[in-house]
Amino acid sequence: WDKLNEESEDKYVMLVIYLAMLSIGISLAPLLMLPGAVIFLVWVGWKKHKDLSVSLVAFSVFFAFLYLAITKESLMVFIVGSILTAISVTLCDYMSKDVKVNYRKIYTYLGIYIGLAILGLSPHLMLIIRARANPYINIAAPTTFRGLWDVFNRKQYGPLVLLPRQTDNGIGTFAALFEQFKMFFKYYTWQFGGYFRNEIAAPSALMRIIPSLLMAIFTATGLYGIYVHFKKDKKTFIFIMTTLFLLSAGFVVYLNMKYSPSDPIAAHQPREVRERDYFYMPAYFMFMAFFAFGLRELIVSFKSKSKELKERFSPGLFTLPQWILLALVILIAVSPFFANINSYANRRNNWIADEYAKNMLNTPRPNSIIFTNGDNDTYPLWFEQVVRDYRSFEPGKKGVLVVNLSLLNVEWYIKQMQSFGVPISMTDREIEQLRPVRLQNNEILMIRDIVIRDIIHTNSTGRRTPRSLLYASKDEFNEKVLTHYRPDSINIYFSVTVSEDARSKYRENLILEGLGYRITSDSEAQQYPRNVDVATTKENIWEKYSYDYILNEDIYVDENVDRIMTNYAAGFLQLGIYYSEIDSLRKAVEHFRQGREFYTYDRNSVTMNIARVLIEMEEYEEAEDEIRKAMGNSDDPQDKATMTAVLSEIYLSKGDYERAEEIYDSILKKNPEEPAGYAGKLRVYRMKGQARDYENTKSILMRN
C-alpha cells in the first residue's frame, strides 16, 4: 500500500503470492491470509492499478478452483475454474467504466502468479527424492508424483466432510455447530489462566478472579480495537477482519471437530483423542492484533484527556496516566513467564517420554517386532532409534522394529514394513486390494488385523498365508496357527499400550514381559502362570527399566502421563498377584506397593489388596496403618466405606472384637439399612460365641 505510487509496485504483490505458496511447506493455514490480502490489495489498487487488481481477482478465482480440483481430484473442476477465470476478467472489464483493462497485461500477471506459485511449491519435490531412499520414517511414502499429490490432498486423513457435524448425535446441524463454537470459546478462555482448565479441581478465590479479570480486560479491549479499527481505516480492517473470520469461524466449520475430551456432559460423544485448542491458536493471535489497536487508542486517549494535568505529572514522553497504563501492560505481558514456571505448561527437566521410550525398547528380545498403538507410544521410540541410535533397527541387525498399528491400515506403510523385513507374504497387488471385512459370524477384520495374521503365520511357517486363514474366524485362525506357533527368527510383541480390541484376539497366547506381550504357542503359554513370564518381567521392571522422571514429584503429571504410569503398574501388580497365589506374601506386598506408585487411577484398590495380604501374614498393625493412611487421603465415600470394612476385618482377624463391633455400630448408626453392618455384627457374634445376639440380629434381617 505504501509503494502504490512506485513504478514497480507489482513486485510486492508477487512477493505476497510467492511467500504464501512457499509457506504451504509448513502448514496450509497461511493460505487463509490470502483472501483478506487480495480483497485489501484490490480495494486500494482498483483506481490507480486496474490491471494489477483485475489480475488478482482472476488469480483468486483460478486458485480457488485449483484447490477444489486437487481435493476432489477432478479435471472437470479445473477446466470449469479456468473458464470462470477468463469470464471474471471479462466481467471486470465490463464493470470498469473509466479505464478499460489490458488483457495481455492481466494474463501476463496471471502467468507470473502461477509460475511463482509453482516455484513456491517446488521444495515439496524434496519429498520424492527423500522418500525414494526409503528412510525408516517415511510418512505417506510419496515416491511418485501421484504419491506427492496424495500428500497435497491430505488423502491419508480421509475426505473432507462438512456434514453431518461430528457433534451431531441427534441434536441437529445448527445445534451441533453451536456446540463446536462453544468449544472454540472454551479454548479461548484457557488463554488467560489455569482456572478455566479442568485440571484444577478446587481453585482458590484468587485463581478464579485473576484469570476472569484478565479475560474480561483482553476481550473488552480487543472488541474496542475492532470498533476503533473499523472507524479509522476500513481498508486494513477488512484485511485483518477477513483473516480473523477465516481463522475462527472458518476453522470451526472447516475442521468439524468432535467434542472436547474435557466436556463435562457424558452424552457428548464421540470425542477427540486430545484437546485441540492448538488448532485455534492463529485466531487467538489475530484477535490480539485488535487488542493492540484498542490498547493504543486507550493510551492516546489518556494523553488527550490529561492535558489539563500539571506539568509535574507529565514527566518526559508520557503523561502519568499513560505511565500507569503502560506499567500495567508490561506487568500483564511478563506475567505468563512467572506463571508458567511451575505450571502444567512447563517441561523443565521432563524426560518422561525419553525414559518411557527406552524402557519400551528394552522390553523385546533381540531381533523383534513390537506393535505400538498411535502417536504417543510411537514417536518417542522413533526418536530414540533414529536420533540417538538406541536399539535401532537395520536389516540384518539384532534391533527392534516398531510397527505402528494405526498406520498398518494403509498400503504404503504395509509395503514399507515388508521392505524392512517384517514377514509379510502378500504381494503389492494383494496389499493394494485389502479392505476391512465382516465375516459370517459378524467378526469385523480391519486391514491391520489381516496384516497381523499374515505376519504371525509367515513368521511361524515361512510360507505364504492362504486366503482361507487371512479371513478365518478368530477361533479357527488361533487353532490352526497359534496352537503350534514357532517363531522363525523374529519375536513378535504387542506393547501394553495397544488397544484391547487389537490384541484381544490373541489374549490366550500373549505373555506379559513388562511393557510388552510376546506371542507364544498354546503349549508355551501354559507354562506361565496367569500368562506372565515372571522371570523376564521381574528382570525388566526391576533391572532394565528406569523411573527417575516418571516418579519425580516436581514434574507436572497430566492424563497422558497417568496412562503411561498405569502401563508401568501392570507388571508390578501382576507379579503381586502371582506371589500372593504361591504364598510368597512379603514379595507380593513389595510388588503391590511399587505398583501402587504408578497406579494413579485407583490406588485405594491396591491398598486394600496389600491390607488383605498383610492380614493373611498376621501383620495386623502394618495392615491397619495402610488402611488408615488411605482413608486419610480419600474423599470418596464409597472408598471409605469399603476400607472401613477392611479395617473391621483386621480387628476380627486379630481377635479385637470390640473395636470391630464399634465399626459396624458406626456403620449402622449412619445408615440403619446398610446390610454390611448387620453382616459384620453377625460375624462378631459368631466368633465371640454370642448365640442369642446372633439369632436376634438374624431375625431382624429376616423381617426386613
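Because the structure is predicted, anything quoted here is derived from the model rather than measured.

Conventions and cut-offs
- Residues numbered from 1 in each chain as written.
- Predicted model: local features only at pLDDT ≥ 70, side-chain atom pairs only at ≥ 80, totals over all residues.
- Heavy atoms only, no water.
- Patch = residues over 30% accessible without salt bridge, like charges linked within 9 Å, V, L, I, M, F, W, Y side chains within 5 Å.
- Areas by Shrake-Rupley, 256 points an atom, 1.4 Å probe, with all protein chains shown as cover.
- Salt bridge = Lys/Arg side-chain N within 4 Å of Asp/Glu carboxyl O.
- Helix = DSSP H or I, 4+ residues; strand = E, 2+ residues; numbered from the N terminus.
- Buried < 20%, exposed > 50% of the residue type's maximum accessible area, 1.4 Å probe, protein only.
- Contact = heavy atoms within 4.5 Å.
- Pairing = 2+ DSSP bridges.
- Axes fitted to C-alpha atoms, helices over the stretch in contact; angles between N-to-C directions.
- Parallel < 35°, antiparallel > 145°, perpendicular 65-115°, else oblique.
- Left-handed = near helix turned anticlockwise from the far one by under 90°.

*Asks:* How should I be thinking about a nonpolar patch on the surface in this particular structure?
*Replies:* A contiguous nonpolar surface patch, about 1100 Å² in accessible area, is contributed by Leu-75, Met-76, Phe-78, Ile-79, Val-80, Ile-83, Leu-84, Ile-87, Leu-91, Tyr-94 and Met-95. Along the chain, Ile-87 falls in helix H4 (residues 75–95).

*Asks:* When you look at the environment of Phe-78 in this model, what are you seeing that I'm missing?
*Replies:* With respect to the secondary-structure elements, Phe-78 resides in helix H4. The exposure class of Phe-78 is partly exposed, given its relative accessible area of 31%. Sequence spacing of Phe-78 and Leu-66 is 12 residues, and the spatial spacing of their C-alpha atoms is 5.7 Å. Ignoring sequence-local partners within four residues, the contact set of Phe-78 consists of Phe-62, Leu-66 and Ala-69.

*Asks:* Explain unusual backbone geometry to me, please; I cannot follow it from the model alone.
*Replies:* Most of the time, phi is negative for any residue but glycine, and the peptide bond is trans. The amide bond that connects Leu-163 to the next residue, Pro-164, takes the cis arrangement and shows omega of -5 degrees. Within the secondary structure, Pro-164 is located in the loop between helix H7 (145–152) and helix H8 (173–189). A cis amide bond links Gln-269 with the next residue in sequence, Pro-270, at an omega value of -5 degrees. Even without a glycine there, the phi angle at Asn-442 is positive, about 75 degrees. As for its position among the elements, Asn-442 is in the loop between strand S3 (437–438) and strand S4 (444–445).

*Asks:* What should I look at first to understand the pairing of strand S7 (residues 516–519) in this one?
*Replies:* Strand residues, when the strand is regular, have side chains that alternate between the two faces of the sheet. On S7, burial covers both faces: Gly-516 and Arg-518 on one face and Tyr-517 and Ile-519 on the other are all buried. Counted along the chain from strand S6 (residues 510–512) to the antiparallel partner S7, the turn is 3 residues long, and its residue Gly-514 has a positive phi close to 105 degrees.

*Asks:* Any chance you could explain the pattern of salt bridges here in plain terms?
*Replies:* Opposite charge on two side chains permits them to pair, given that their charged atoms come into close proximity. Overall, the coordinates contain 36 salt bridges when judged by the stated rule. Where Asp-475 meets Lys-474, a salt bridge forms, and the shortest distance between an N and an O atom there is 3.3 Å. Using a relative accessible area of 53% as the deciding quantity, one classes Asp-475 as exposed. Look at Lys-474 and you get partly exposed, because its relative accessible area is 29%. When salt bridges that share partners are traced, they join Glu-621, Glu-624, Arg-628, Lys-654, Asp-656 and Arg-659 into one network.

*Asks:* I keep staring at the packing of H4 against helix H5 (residues 103–121) and nothing clicks. Help me out?
*Replies:* The packing of two helices is summarised by the inter-axis angle and the distance between the axes. Put simply, H4 and H5 touch, their axes get as near as 12 Å, and they point 140 degrees apart. With respect to H5, the element H4 is oriented oblique. As for how H4 packs across H5, the hand of that crossing is right-handed. Seen from H4, the contacting residues are Thr-85, Ala-86, Val-89, Thr-90 and Asp-93; seen from H5, they are Tyr-103, Ile-106, Tyr-107 and Leu-110.

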